[in-house]
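Listed here are the chains, written in short residue letters.
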Amino acid sequence: MLIEQLQKANIAAMKEHDNNKRAVLSVVISSYKALSIDLRASNKEITDNDLIRIIQKTIKELDDEKSCNLSAGRTERAEEIEIQKQTISQFLPKMLSSDEIKQIISSLEDKSIPAVMKYFKANYDGQVDMGLVNKIARNG
């Protein structure tokens, strides 16, 4: 599972005394554990796709933090944030390109927006930007 890879990377960062990488890995692992507890209460299992969404959300938060630091002139902190972002980005699956999305949509029998969105959500969750899928499906 993906969480095991994150935990190994966290241990490696700890051994290397890399507090910057360790900080972001710890944030993701803590978010995973919190979600796991929440889902267990409702008798659901956490999946790698849930963890991918946590990583994507963390990356978005890091992007926001980086832009704030850049606008405040704190370039050193912005560089640290970029390293953190790269650290967790490596755990994301390869995202589908626009051409790959178009090819998949063209192979579907039902090309209606709801059907396309449902298909991508069921089969490519975490591997595709659903906003991009929607845009491509609408524009053909």
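Our subject in this report is the structure included herewith. Predicted model only: the values in this text are computed from it and were never measured.

### A look at the nonpolar core
Residues Leu-6, Leu-25, Val-28, Leu-51, Ile-55, Ile-88 and Phe-91 are the most contacted members of the largest nonpolar core, which totals 21 residues. Those elements that place two or more of their residues in this core are helix H1 (2-15), helix H2 (19-41), helix H3 (48-71) and helix H4 (75-89). Excluding anything up to four places from it in sequence, Leu-6 contacts Leu-25, Val-28, Ile-29, Leu-51, Ile-55 and Phe-91. In this structure, Ile-101, Leu-108, Val-116 and Val-133 belong to the second largest nonpolar core, which totals 13 residues.

### Focus on the packing of aromatic side chains
The tally for this structure, following the rule as stated, stands at three aromatic pairs. Aromatic pair Tyr-119 and Phe-120: ring centres 5.9 Å apart, planes at 85°, arrangement edge-to-face. Tyr-119 gets classed as partly exposed once you look at its relative accessible area, which sits at 30%. Relative accessible area serves as the criterion here: at 0%, Phe-120 is assigned to the buried category. Connected via pairs of aromatic rings, a cluster forms that spans Tyr-119, Phe-120 and Tyr-124.

What counts and what doesn't
Residues numbered from 1 in each chain as written. Predicted model: local features only at pLDDT ≥ 70, side-chain atom pairs only at ≥ 80, totals over all residues. Heavy atoms only, no water. Core = buried A, V, L, I, M, F, W, Y, C linked by side-chain atoms within 4.5 Å. Buried < 20%, exposed > 50% of the residue type's maximum accessible area, 1.4 Å probe, protein only. Helix = DSSP H or I, 4+ residues; strand = E, 2+ residues; numbered from the N terminus. Contact = heavy atoms within 4.5 Å. Phe/Tyr/Trp six-rings, centres within 6.5 Å; stacked < 30°, edge-to-face > 60°.

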